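Read off the chains here:
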Amino acid sequence: MGFGVQLQPIAEDRPTLEHFLDGDVQLLPLVAALAHALADPGLLEPDLRPDPARSLEPEGGWSDDQRSRARELALDGLERLRDHGPSAGGDDLVHAIMQWLTGDDLAGDYEPMLREELGIGGADLRAPQWHRADVAPDRSLTVAVIGAGMSGILAAHRLRQVGVEVVVLEKNAGLGGTWRENTYPGCRVDVSNHVYSYSFMQKADWPEYHSSQSVLLQYFEECADAWGVRELIRFETEVTAALWDDDRARWTLELTTDGGGQRLEVDAVISAVGQLNRPAYPDIAGRDSFEGASFHSARWDHDVALDGATVAVIGTGCSAMQFIPHLARLAEHVTVFQRTPNWLVPRPEYQQPLPDELQWLFQHVPHYTNWFRLRLFWRSHEGLLPRLEVDPDWHEPIEHSVSEASAELRKLFELYLEVQFVDRPDLLEKVMPDYPVGAKRFVLDDGIWAQTLKREEVELVTTSIERITPTGVRTVDGTEHHADVLVYGTGFSASAFLTPMKVVGRGGLDLHESWGGDARAYLGIVSPGFPNFFYLYGPNTNIVINGSIIYFSECEVHYITEYLRYLLEHGHRALDVKADVHDRYNERIDAGNLARAWGVSSVNSWYKTNGGRVAQNWPFTLIEYWEQ
């Protein structure tokens, strides 16, 4: 059952069950869940096995007749579950259901990886299979985790499981990371929250398809409390430097707290500070001259009165496109300054609550939460990745498309924008991107963006900004745009990994100097010259159009715990990745990114460093990272 929900017995009659199945439910994972709950592989009819080539479609490309047949099977299955209760299915049944649900034979490591993601009954198949008391009972090991966001609390939980001493250092007064810091109106996750959750702490009572900031913060707080992690956290403690001692093979952390400076010695350090935690401000002349209220979306000032105000917003990235519709309903006038338009992915349910019918299934059908989540995971394990691969023989300009599949995708996205702005050709011209699909992060849209820009009190400005003045924003054509309030929706300094923290490794090697503004790491986790120092959400571990970052964090923390086990088992004080291994790995990563739309396009993007290299993105499939 899901985290925080007790499974309820079915008491409804057949007409009521029919009503539920006529609603907004997904029958494919429901048939899978019923086959599991009833221990009946006969429900997995071969004619209903989804087409792998149509995996992105909700029901795997079912025809109307197939859907009707699946509805009949589900209805009969619900009645059997009501009348006779669940039965215990074996391991072979799970194997059969996986192959049927995915429409794939699951060669190689796919099935073990998917079993981890399935998490039936709260199973934690990624839990460490060792403990310090068994491996090195006479040796202590202390690990500091920097940051108490999604990755940091996961790391602390795993370290507790293996029995090492752990302390979590968090600069804020509470945990949650980005989900605590970003409180702007409209803030929500742009990945389905059934996938944006830990594999072993699945939740059956999400209120929406894409939950809001407050709901996600509550989830991570509940996880931290359930694992006993909160008691390990030193809040309002910022790490300003990490210094390696070659002779003693230990890290010294320099800390800043309300009580002044402190130092802490540990054997290993895990940086879980994330990529999207330092707001980026635009390099625009006059920024300090503005006399009204101004703030970044990640530092939203809720004390500023927006009702009836004239507001200027600089930026139209993911965050801005979430909060601008809310501003438009409050302010007297909103001027939106756009540098680069976004490709919009239609998601009608983006801000919608989960329908009652779906909530009922989560609460009454054993394992439906797990199979529903696994189906979402499978649909996104590659996502649109194959369509963003560069075809070197493709005849169209790179800034239009990178392959035939890319061109087809572009036509679909263009059509969506054309439909949304059919009555406003002036706006359509401004919002139509001039770069290939996938070169920048997609933005999910349920139609709200077009509705917002069409409002009389909203103006979209695409003329470049000359400077910020005491009373507003002046564009290069000389127009002065008055504003009482200025909001920066300009994203984060994503490529400035670990800044402003100073990290000094072996032989006095400075991490930021060694990177030279171009961060690299082996597996995105370790760098040569910095023993026992790890990154979570490090270089080239961001996913673009497939999967959830939580999946990556679980894989990375597994790597770290195995690294620590090796230290203890073999009596070593430290390990360091070989430079040649690190370099070959990054050559492969760079080649992979240059084979994707986001790597070859010249459009500005937070994916890239100032030098133009993609330092953020993982260019391959999810299974490849799991295998490595």
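Before any of the text, the structure's been laid out above.
Below, the structure is looked at part by part.

Calculation notes
Residue positions within a chain follow its written sequence, with the count starting from 1. Selection of residues for local features in this predicted model requires a pLDDT of at least 70, selection of side-chain atom pairs for listing and counting requires 80 or more, and totals for whole chains, interfaces and linings are taken over all residues. Side-chain metrics rest on all non-hydrogen atoms present in the structure, leaving aside hydrogens and water. In this analysis, axes come from line fits to C-alpha atoms, helices being fitted only over the stretch in contact, and the angle between any two N-to-C directions falls in the range 0 to 180 degrees. For helices the rule is a DSSP run of H or I covering at least 4 residues; for strands it is a run of E covering at least 2, with both sets numbered from the N terminus onward. Any angle between 65 and 115 degrees counts as roughly perpendicular, while under 35 counts as roughly parallel, over 145 as roughly antiparallel, and the rest as oblique. Contact between two residues is taken to exist if any of their heavy atoms lie within 4.5 Å; hydrogens are not considered. Any residue outside Ala, Val, Leu, Ile, Met, Phe, Trp, Tyr, Cys, Pro, Asp, Glu, Lys and Arg is labelled polar, Gly included; the first ten of those are nonpolar and the last four are charged. For two strands to be treated as a pair, DSSP must find no fewer than two bridges joining them. Take the number of residues in a helix, subtract one, and multiply by 1.5 Å to get its expected span. Only protein chains enter the accessibility calculation, which uses a 1.4 Å probe. A residue is then buried if its area is under 20% of the maximum for its type, exposed if over 50%, and partly exposed in between. Rotating anticlockwise by less than a right angle from the far helix to the near helix defines a left-handed crossing, while the corresponding clockwise rotation defines a right-handed one. Without a salt bridge and with relative accessible area above 30%, a residue can belong to a patch; like charges are then joined within 9 Å and nonpolar side chains (Val, Leu, Ile, Met, Phe, Trp, Tyr) within 5 Å. Computed by Shrake-Rupley with a 1.4 Å probe, the accessible areas treat only the displayed protein chains as cover when residues are assessed. Should a side-chain nitrogen of Lys or Arg be within 4 Å of a carboxyl oxygen of Asp or Glu, the pair is scored as a salt bridge. Only four residue types enter the tally: Lys and Arg on the positive side, Asp and Glu on the negative side; His and the chain ends are excluded. The atom standing in for a charge is NZ when the residue is Lys, CZ when it is Arg, CG when it is Asp and CD when it is Glu. By nonpolar core we mean a set of buried residues, namely Ala, Val, Leu, Ile, Met, Phe, Trp, Tyr and Cys, connected to one another through side-chain atoms within 4.5 Å.

**Section: the packing of helix 2 (residues 27-37) against helix 4 (residues 91-102)**
Right, so step 1: Viewed as axis vectors pointing N to C, helix 2 and helix 4 meet at an angle of 170 degrees, and their least axial separation amounts to 10 Å. Taken together, the axes of helix 2 and helix 4 are roughly antiparallel relative to one another. The residues of helix 4 that touch helix 2, namely those facing Leu 28, Pro 29, Val 31, Ala 32, Ala 35 and His 36, are Leu 93, Val 94, Ile 97, Trp 100 and Leu 101.
Right, so step 2: Broken down by class, the residue content of the contact of helix 2 with helix 4 amounts to 10 nonpolar, one polar and no charged.

**Here we look at the sheet that holds strand 5 (residues 250-257)**
Right, so step 1: With mixed pairing, the four strands of this open sheet are ordered in space as 6-5-4-18. Two strands close off the open sheet at either side, each with one partner strand: strand 6 (260-266) and strand 18 (502-504). When strand polarity is set aside, the average angle formed by the axes of neighbouring strands in this sheet is 15 degrees.
Right, so step 2: Here strand 4 (residues 238-245) pairs with strand 18 via three bridges, running parallel. Counted as the bridge partner of Leu 243 is Val 504 from strand 18.

**Brief notes about helix 13 (residues 404-420)**
Right, so step 1: The end-to-end C-alpha distance of helix 13, which contains 17 residues, comes to 25 Å, matching closely the 24 Å that a straight helix rising 1.5 Å per residue would cover.
Right, so step 2: Within the span of helix 13, buried status applies to Ser 406, Ala 407, Leu 409, Arg 410, Phe 413, Glu 414, Tyr 416, Leu 417 and Gln 420.
Right, so step 3: The secondary structure elements touched by the buried residues of helix 13 are strand 11 (344-346), helix 14 (425-431), strand 12 (443-445) and helix 15 (448-453).

**Here we look at the packing of helix 2 against helix 12 (residues 368-380)**
Right, so step 1: Viewed as axis vectors pointing N to C, helix 2 and helix 12 meet at an angle of 135 degrees, and their least axial separation amounts to 8 Å. Compared by their axis directions, helix 2 and helix 12 come out oblique. Helix-helix and strand crossings are classified by hand; for helix 2 and helix 12 the assignment is right-handed. Between helix 2 and helix 12, the residues in contact are Leu 28, Pro 29, Leu 30, Ala 32, Ala 33 and His 36 and Tyr 368, Trp 371, Phe 372 and Arg 375, respectively.

**Description of the side chain of Asp 518**
Right, so step 1: Along the chain, Asp 518 falls in the loop between helix 16 (511-515) and strand 19 (533-535).
Right, so step 2: Among all residues touching Asp 518, those that are not within four sequence positions of it are Thr 609, Arg 613 and Ala 615.

**Here's the deal with helix 5 (residues 110-118)**
Right, so step 1: With eight of nine residues buried, helix 5 lies mostly within the body of the structure.
Right, so step 2: Listed in full, the buried residues belonging to helix 5 are Tyr 110, Glu 111, Met 113, Leu 114, Arg 115, Glu 116, Glu 117 and Leu 118.
Right, so step 3: Residues of helix 5 that are buried sit in contact with helix 4, helix 12, helix 17 (549-570) and helix 20 (622-627).
Right, so step 4: Two residues or fewer after helix 5 comes Gly 119, characterised by a positive phi angle close to 55 degrees.

**A few points about unusual backbone geometry**
Right, so step 1: Backbone torsion omega between Thr 499 and Pro 500 reads 0 degrees, so that peptide bond is classified as cis.
Right, so step 2: Of note in the backbone geometry, Leu 523 takes a positive phi value of approximately 60 degrees without being a glycine.
Right, so step 3: Secondary-structure assignment places Leu 523 in the loop between helix 16 and strand 19.
Right, so step 4: Judged by its relative accessible area of 3%, Leu 523 is buried.

**Looking at a negative patch on the surface**
Right, so step 1: Taken together, Asp 391, Asp 393, Glu 404 and Glu 408 make up a surface patch of like negative charges.
Right, so step 2: Take Glu 404: it is sitting in helix 13.

**Examining the nonpolar core**
A general tendency of soluble globular proteins is for nonpolar side chains to be buried together.
Right, so step 1: By size, the foremost hydrophobic cluster in this structure holds 171 residues, and its most contacted members are Tyr 198, Phe 220, Val 311, Trp 371 and Leu 564.
Right, so step 2: Top contributing element to this core by residue count: helix 17, with 11 residues.
Right, so step 3: What Phe 220 contacts, discounting residues up to four positions off in sequence, is Met 150, Ile 153, Leu 175, Trp 179, Tyr 196, Tyr 198 and Ile 550.
Right, so step 4: With 26 residues, the next largest nonpolar core counts Leu 169, Met 501, Trp 515 and Ala 521 among its residues.

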